Amino acid sequence: MAGITFKNVVKTYDNGVTVVPDLNLEIKDKEFVVLVGPSGCGKSTTLRMIAGLESITDGELYIGDKLMNAVAPKNRNIAMVFQNYALYPHLSVYKNMTFALELAKVPKDEMKKKVQWAAEILGLEPYLDRKPKALSGGQRQRVALGRAMVRDPEVFLLDEPLSNLDAKLRTEMRSQISKLHKRLGTTFVYVTHDQTEAMTMGDRICVMKDGIVQQFDTPQNLYDHPCNLFVAGFIGSPQMNFIDAKVKKTSTGYALCFGDAEVAADRPELASYEGKTVVLGIRPEDLHAEPQFFGKGNVIDAYIDLDEMMGSESYLYLEYAGQKMIARVPARYAKRAEENIQLAIDTETIHLFDKETEKAI
Amino acid sequence: MDKKPSHARTVIAYIVLIILTFLCLFFFYILVINCTRSHQQIQAGFSFLPGSSFSKNFNSVIHDAKLPVLSGIKNSLIVSSCCAVLATYFSALTAYGLYAYDFKLKKPAFIFIMLILVMPTQVSAMGFINVITKMGMINTLYPLILPSVAAPAVFYFMYSYMQSSLPLELVEAARIDGSSEFHTFNRVVLPIMKPALAVQAIFAFVQNWNNYFIPALVLQENSKRTLPILIAMLRSADFLKFDMGKVYMLITIAIVPIIIVYIALSRYIVAGVALGGVKE
């Protein structure tokens, strides 16, 4: 078992495009790390560098304490699950799973035992003689996982493995992969652009943008304490509301003013922002329609553009003082579109960002 | 918008198809019928019914001392099979090299191969004969077999097929699994290429089976000659002894192996082996 360390890793392609400018990352042994970010953020390239499928232009990559820059993929003791599964179409499920073991000259009995073990965990026993084309998407995905498991790798690399599955199957496979991680006790590196997958599966999440790590932290910390506007906007669904607000000094501290609203913010850090505009971040669930939140002030009267009824709760697309917002309120307190609604802002949970640097204040 | 094709359209489509089928198969029918008829019967005119001279024609072809048909068949089989194997294997290997790897001269290499494609055989024939004469390969089968290693048309077909059917993730998966590059090609890439290999093997086989130009330049001894040369020899032999029945019989014998090869390989064309491993 092994951790993975990136030290000042740079990846520049032959055409001169630098995808990863300077990556420093330490993934601990047995950790489940999710690399997440929008398309083209360098997350897949990072994963492929761990696998050895992309060369490293500069810097050092360690798996365990071994320098891996010049080591061939087959000698890295890793296993990878691809987005499109990459099963060998002409081989049966059994043969797909034993392909690597045969090359490693593992004795037949042991090979059989390993396949049996993996097939049992993944529920693939009835399909061992089938060819991949006779399997459903979910089954193929499990074969791809099984093929990785039998190799007993130090590191599991998963490149958007669930993106080709339907929503229900995705949820099911998500929990199965999490369980598998606990069971195998191996380092998992998982690439996705889906923040739900990232939040539900990762021990720690690495949010990337333009090849740069924005924040590397636990899911809860990412949600509660995003370090910049990008992370705040990327994690959480519906997205956090960003409102331009002016900082004003009051008798008790500071207030953030936008439209008619004045949101009290008792933060000494705001001293240097007095009279300036900052970005106020409010999560949709921190706009409250429940009566117990009223009475402390900080109430806005917003117009509902559109409402989406989700059953237990309702998403309200609001307009207030020329700014668009989304609120997530319990269905019984929600109102319908084209009406006005009073919403209380929970000042304990607001986020503040510098408008220029986009960093959290 | 589910429009059902009208009855008249179906009828017309079938009539056209029947005419096309007839045009394709009618000449084979004439060939097979005529090889059972004697020279006089053939000269008397066409008949839909077979004659009774099949064995006579067959024996006169097989037992003609000046016309080594059996060795001709053997030579043609050797040349065509070797060419089919070499052309498909090495073209697939070349296509794989250009498809799966990134290297500096990749584009020029591709353009160079495409340029060879537009060069007719006749242009380079004199030089080719010169070279093989100096190498001592004149009047052997080697000059007919070895050049098929470089078959640009087959290469292009393989390259296009790989683009549509061989995801590079499979190659990467094999690399991670510990497979060497050559092993990956033979064990992962070739099986996926089976339909393309089968199609090109048929084409290469037929093309070399029918090849007349280069064998006519290279092969000088009767015992080394291939079937198309023997047919031409029979056709242009002594005008007085010219036997049409014998010519038809030799041509019939010449097309049988092609039909067998086609039947043997055609199922691979239909079977889409590459389907299913990768979700599109």
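Worth saying up front: this structure is predicted, and the values here are computed from it rather than measured.

Peer 1: Looking at this structure, how should I read the nonpolar core?
Peer 2: Here is a general trend for soluble globular proteins: nonpolar side chains tend to be buried in one another's company. Counting residues in each nonpolar core, the largest one holds 91 residues, and the members touching the most others are Ile 4, Leu 157 and Val 189 of chain A. The element that contributes the greatest number of residues to this core is helix H4 (residues 69-100) of chain B, accounting for 10 residues. If we ignore the near neighbours within four places in the chain, the residues touching Leu 157 of chain A are Leu 47, Ile 50, Ala 51, Ile 78, Ala 79, Met 80, Val 81 and Val 189 of chain A. Core analysis: the next-biggest nonpolar cluster, separate from the first, contains 46 residues, Met 111, Leu 128, Phe 156 and Ile 235 of chain A among them.

Peer 1: Just to check I follow, could you spell out the sheet that holds strand S17 (residues 313-320) of chain A for this structure?
Peer 2: Strand pairing in a sheet relies on backbone hydrogen bonds. The paired strands run either parallel or antiparallel. Residues and elements named next belong to chain A. Read across the open sheet, the five strands follow the order S15-S19-S16-S17-S18; overall the sheet is antiparallel. Sheet topology places strand S15 (287-288) and strand S18 (323-330) at the edges, where each strand pairs with a single neighbour. Inspection of the sheet shows S15 paired to strand S19 (residues 340-345) by two bridges, in the antiparallel sense. Across the sheet, His 288 pairs through a bridge with Ala 344, a residue of S19.

Peer 1: Looking at this model, I keep getting lost on a positive patch on the surface. Mind explaining?
Peer 2: On the surface, Lys 131 and Lys 133 of chain A together with Lys 194 and Arg 267 of chain B cluster together into a positively charged patch. By the secondary structure assignment, Lys 133 of chain A is in the loop between helix H3 (108-122) and helix H4 (137-149).

Peer 1: Which parts of the structure should I look at to understand the interface of chain A and chain B?
Peer 2: Accessible area lost during the coming together of the parts is what is often quoted as the interface size. Taken together, the contacts link 26 residues of chain A with 24 residues of chain B. Across the chain A to chain B interface the summed buried area is about 2300 Å²; carbon plus sulfur atoms make up 62%. Counting every contact that joins chain A to chain B gives two salt bridges. Note that Glu 172 of chain B is salt-bridged to Arg 48 of chain A, the shortest N-O span being 2.6 Å. Secondary structure elements with two or more residues in the side of chain A that touches chain B: helix H1 (43-51), strand S6 (78-81), helix H2 (93-103) and H4 of chain A. Counting residues per element, the side of chain A that touches chain B draws most heavily on H2 of chain A, at four residues. Its residues placed into classes, the side of chain A that touches chain B shows 16 nonpolar, three polar and seven charged.

Peer 1: Quick question: what am I supposed to make of the domain arrangement of chain B here?
Peer 2: Residue and element names in this part refer to chain B. Split by domain assignment, chain B resolves into domain 1 (7-53) and domain 2 (62-270). Using only C-alpha atoms to locate each centre, domain 1 and domain 2 end up separated by 31 Å. Here domain 1 meets domain 2 over a buried area of about 770 Å², counting both sides, of which 78% is carbon and sulfur. Contact with domain 2 buries surface across domain 1, with Leu 31, Cys 35 and His 39 losing the most and accounting together for 64% of the total. Inspection of the domain 1/domain 2 interface yields zero salt bridges. Counting every contact that joins domain 1 to domain 2 gives two residue pairs in polar contact (both at pLDDT 80 or more). Those elements that provide at least two residues to the side of domain 1 that touches domain 2 are helix H1 (7-34) and helix H2 (39-44). With three residues, H1 is the single largest residue contributor to the side of domain 1 that touches domain 2.

Conventions and cut-offs
Residues numbered from 1 in each chain as written. Chains lettered and ligands numbered in written order. Predicted model: local features only at pLDDT ≥ 70, side-chain atom pairs only at ≥ 80, totals over all residues. Heavy atoms only, no water. Core = buried A, V, L, I, M, F, W, Y, C linked by side-chain atoms within 4.5 Å. Buried < 20%, exposed > 50% of the residue type's maximum accessible area, 1.4 Å probe, protein only. Helix = DSSP H or I, 4+ residues; strand = E, 2+ residues; numbered from the N terminus. Contact = heavy atoms within 4.5 Å. Pairing = 2+ DSSP bridges. Patch = residues over 30% accessible without salt bridge, like charges linked within 9 Å, V, L, I, M, F, W, Y side chains within 5 Å. Areas by Shrake-Rupley, 256 points an atom, 1.4 Å probe, with all protein chains shown as cover. Salt bridge = Lys/Arg side-chain N within 4 Å of Asp/Glu carboxyl O. Lys, Arg positive; Asp, Glu negative; His and termini not counted. Charge placed at Lys NZ, Arg CZ, Asp CG, Glu CD. Buried area = accessible area lost by both parts, 1.4 Å probe. Nonpolar A, V, L, I, M, F, W, Y, C, P; charged D, E, K, R; others polar. Domains from an automatic or database assignment. Polar contact = N/O pair within 3.5 Å; in protein donor to acceptor, adjacent residues only side chain to side chain.

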